[in-house]
Amino acid sequence: MNKFGRASSNEPPRVGTVVELSDAELVQRCRHGEVSAFQELVARHYQKVFLVVVGVVNDREDALDIVQEAFFRAYRKIGSFKGDSSFYTWVYRIAVNIAIDFKRQLKRSPTERAEGRQALEESAGDPDKLGSDPARDLQRKQIEQRLLAAINELTPDHRAVIVLRAIEGLSYKDISRILGCSEGTVMSRLHYARKRLLEKLDSVI
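Residues numbered from 1 in each chain as written. Predicted model: local features only at pLDDT ≥ 70, side-chain atom pairs only at ≥ 80, totals over all residues. Heavy atoms only, no water.

Caption draft 1: Layout of the side chain of Asp 174. Note that Asp 174 resides in helix 8 (residues 172-179). Within the buried set, Asp 174 has no salt-bridge partner at all; the shortest N-O distance to an opposite charge, 4.2 Å, is to Arg 177. Among the polar contacts listed, one links the side chain of Asp 174 to the side chain of Tyr 88, at a separation of 2.8 Å. Every residue in contact with Asp 174, bar those within four places of it in the chain, is listed here: Tyr 88 and Thr 89. (Helix = DSSP H or I, 4+ residues; strand = E, 2+ residues; numbered from the N terminus. Buried < 20%, exposed > 50% of the residue type's maximum accessible area, 1.4 Å probe, protein only. Lys, Arg positive; Asp, Glu negative; His and termini not counted. Salt bridge = Lys/Arg side-chain N within 4 Å of Asp/Glu carboxyl O. Polar contact = N/O pair within 3.5 Å; in protein donor to acceptor, adjacent residues only side chain to side chain. Contact = heavy atoms within 4.5 Å.)

Caption draft 2: Representation of helix 8 within the structure. Along helix 8, the residues classified as buried are Asp 174, Ile 175, Ser 176, Ile 178 and Leu 179. At the exit of helix 8 stands Gly 180, carrying a positive phi of roughly 70°.

Caption draft 3: Region of the structure containing the pattern of salt bridges. With the rule as written, the count across this model stands at six salt bridges. Among the ionic pairs, Arg 44 bridges to Glu 20, the shortest N-O distance being 4.0 Å. Of this pair, Arg 44 sits in helix 2 (residues 35-57) while Glu 20 sits in the segment before helix 1 (23-31), placing them 24 residues apart in sequence. One salt bridge connects Arg 73 with Glu 69, and the closest N-O pair in it is separated by 2.7 Å. A residue pair is termed a helical-turn pair when its members lie 3 or 4 positions apart in one helix, as Arg 73 and Glu 69 do in helix 3 (residues 60-76) at four residues. The network of salt bridges with shared partners includes Glu 20, Asp 23, Glu 40 and Arg 44.

Caption draft 4: Region of interest: the packing of helix 1 against helix 2. Here helix 1 crosses helix 2 at 145°, and the two axes come no closer than 8 Å. For the pair helix 1 and helix 2, contact is made by Asp 23, Leu 26, Val 27, Arg 29 and Cys 30 and by Ala 37, Phe 38, Glu 40, Leu 41, Arg 44 and His 45, respectively. Per-class residue counts for the contact of helix 1 with helix 2 are six nonpolar, one polar and four charged. (Axes fitted to C-alpha atoms, helices over the stretch in contact; angles between N-to-C directions. Nonpolar A, V, L, I, M, F, W, Y, C, P; charged D, E, K, R; others polar.)

Caption draft 5: Looking closely at the side chain of Arg 159. By the element assignment, Arg 159 lies in helix 7 (residues 156-167). Contacts of Arg 159, omitting those with residues within four sequence positions, involve Gly 55, Val 56, Val 57, Asn 58, Lys 103, Ile 151, Asn 152, Glu 153 and Leu 154.

Caption draft 6: Representation of the packing of aromatic side chains within the structure. Here the structure, examined in full by the defined rule, presents eight aromatic pairs. The interplanar angle of 15° and the centroid separation of 6.1 Å between the aromatic rings of Tyr 46 and Phe 71 together place this pair among those described as stacked. Separated by 25 residues along the polypeptide, Tyr 46 in helix 2 and Phe 71 in helix 3 bring together distant segments of the chain. Given the relative accessible area of 27%, Tyr 46 is considered partly exposed. The exposure class of Phe 71 is buried, given its relative accessible area of 5%. Judged by centre distance (6.3 Å) and plane angle (85°), the rings of Phe 81 and Phe 87 are edge-to-face. Per residue, the accessibility class of Phe 81 equals that of Phe 87, and both read buried. Here the aromatic cluster, defined as three or more aromatic residues joined through ring pairs, consists of Phe 38, Tyr 46, Phe 71, Tyr 75, Phe 81, Phe 87 and Trp 90. (Phe/Tyr/Trp six-rings, centres within 6.5 Å; stacked < 30°, edge-to-face > 60°.)

Rendered as structure tokens:
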């Protein structure tokens, strides 16, 4: 058994064979000062973390800053990461907590920009390529706009849970670890968020 937990083999590795390390192995290498290992973790998880954060804060530029700060904090605290959860759950929690705090502060002094909404619309697909039925396309655009507006009206906590569950498809257990609350609280927040979204959509469906 080698130092990374892999079974030793007497056979030399095949030429051209690339062995992909697990997140846990990369974390161990980070703890030993390998910056390239952390860069690999960032490359693996950056896009998904970014999509979650932009869903919470509704602004692309703010999301970029928050994700950068989240990974910076993760790098500084990598030595204290105990491995009780996966690395992605851990960094998600850091990023979402920063995003929620940011959103709460923003609510006290609102300065939201339309660019965040555009980022969410782009992630849902190009509205100009929805189909060949203009009436149906118009209705779908109206629903999407109303949905985005409804998500934006949710509290930061409810927005986070709807993004993590409905958009990212994470389990209740993972969401509870990310948000630092019980699975029951996750389900309660999700139920409320879905109810609010349905109420907003009723008038256009």
